[in-house]
Amino acid sequence: MLPFKLVYSEKYYLPIGEHVFRADKYRLIRERLLQEHAADDSDFLVPESASESDILLVHSPHYINKLMEGSLSAREELQMEIPYSPQVVDAFMLHTGGSIMAAERALQDGVCFNLGGGFHHAFPDHGEGFCMINDFAVAIRVMQRRGKIQRAMTIDCDVHQGNGTAVIFGNSGYKAGTLPSWPAPVMGSAPGASPGKGNAKDVFTISLHQEHNYPYSKPASSIDVNLPDGCGDEEYLAWLDNALSSGLRQFEPDLICYVAGADPFRQDQLGGLSLTIEGLKQRDDLIFRAARARSIPVMSVYAGGYASRVEDTVTIHCNTVLAAAEVYRTVSER
Ligand SMILES: [Zn+2]
């Protein structure tokens, strides 16, 4: 039995057909965790769908209407890069409900996983890059509305920059900075950034990503680390450590949302970094240890993962659960 819960539904599957985004990965992750006796049935919680009023804490009524009525334009659907259907909307609503549940349980248990979610390219008024609803941004706003937290930090380690998240929380009053991991231009404030519907200065966003990759326009997070093509384990971990220390020096969150993308992997089809499976597990370990050392609850969501072999994506995502189990088991046994 794990020292925390895993939120999952068989309805997380997104019916998007043959796609580089393997929407069956969620089921495969659950199966692998059970097969390897890393988890048992009692570790899983089944979420309910988020409500429209939850989603409206982040997304515009106009956009939500378009999703509910199926009236996205051809261009908007193209930008989403997944085919629209009411069933796909239902699946995103469920992933979002899963992130809300994971946030609740993280505050109760210290850590909780949504074995889905992480749709960081969803903006208040449109979807992009396989993302329709920004599940974890909604979860953070719901926790604030319920008075469970005041301040949150997102730590986005997907290989692609968290552009939707940056815009949603973009008016948080922190001076955006780019760590000089590469001779990257210092980015100004996000064009088109809209204020989040919470108190100002309440969500701090960190994104570590490959600079030369989608999204090509990167609205400023609180901290952006623009990594060079081919960046390997050692360099990546050093920058992550640096960004975490810097972020946690500037800001004390009540909740961390870890966006644990599997696509910084060296054999990812949509990524150009060179992390190994072992390096990615060290990344997970670093984040959970940093949170544990400061007694900050962590909710974890999955985001991308497009390895040539889906088994590798599944291994990387399962390893995030194992890394947390090692860190939090040690704590509870003390
Ligand atoms: Zn990604």
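Coordinates for the structure precede this section.
Let us look at the structure shown here. (Residues numbered from 1 in each chain as written. Predicted model: local features only at pLDDT ≥ 70, side-chain atom pairs only at ≥ 80, totals over all residues. Heavy atoms only, no water.)

Before going further, it helps to spend a moment on the overall build of the chain. Tallying secondary structure elements over the chain gives 10 helices and nine strands in all. Within the chain, contacts between residues at least 6 apart in sequence are counted, and of these 80% link residues at least 24 apart. As displayed, the chain offers around 13100 Å² of accessible surface, 49% of which is attributable to carbon and sulfur atoms. (Helix = DSSP H or I, 4+ residues; strand = E, 2+ residues; numbered from the N terminus. Contact = heavy atoms within 4.5 Å. Areas by Shrake-Rupley, 256 points an atom, 1.4 Å probe, with all protein chains shown as cover.)

Turning our attention to the nonpolar core. Judged by nonpolar contacts, the single largest core of 110 residues is most densely connected at Leu-6, Phe-113, Leu-115, Met-132, Phe-288 and Met-299. At 10 residues, helix H5 (residues 86-109) tops the list of elements feeding residues into this core. Those residues in contact with Leu-115 that sit more than four places away from it in its chain are Leu-6, Val-7, Tyr-8, Tyr-12, Tyr-26, Ile-29, Leu-33, Phe-44, Tyr-302 and Val-321. (Core = buried A, V, L, I, M, F, W, Y, C linked by side-chain atoms within 4.5 Å. Buried < 20%, exposed > 50% of the residue type's maximum accessible area, 1.4 Å probe, protein only.)

Another point: the packing of helix H8 (residues 233-250) against helix H9 (residues 277-293). Their axes nearest at 10 Å, the elements H8 and H9 cross at an angle of 15°. As judged from the angle between their axes, H8 and H9 are roughly parallel. In this structure, H8 meets H9 at a crossing whose hand is right-handed. Across the interface between the two elements, Asp-233, Tyr-236, Leu-237, Leu-240, Asp-241 and Leu-244 from H8 touch Gly-279, Gln-282, Arg-283, Leu-286, Ile-287 and Ala-290 from H9. (Axes fitted to C-alpha atoms, helices over the stretch in contact; angles between N-to-C directions. Parallel < 35°, antiparallel > 145°, perpendicular 65-115°, else oblique. Left-handed = near helix turned anticlockwise from the far one by under 90°.)

Structurally, the position occupied by Val-88 is in helix H5. Sequence spacing of Val-88 and Tyr-13 is 75 residues, and the spatial spacing of their C-alpha atoms is 8.7 Å.

For the rest of this paragraph, the subject is the coordination of the zinc ion. Within the first shell, the zinc ion binds the protein through Asp-158 (OD), Asp-158 (OD), His-160 (ND1) and Asp-263 (OD), at distances of 1.9 to 2.7 Å. Its four donor atoms give the zinc ion angles of 53 to 152° at the centre, a pattern that matches the irregular case. Between the donor residues of the zinc ion, the gaps in sequence give the motif D-x1-H-x102-D. Note that Asp-158 is positioned in the loop between strand S4 (152-156) and helix H7 (163-168) and Asp-263 in the loop between strand S8 (255-259) and H9, a separation of 105 residues in sequence. (Donors = N, O, S within 2.8 Å, 3.2 Å for Na, K, Ca; no water. Tetrahedral: all angles 85-135°; square planar, octahedral: opposite > 155°, others 65-115°.)

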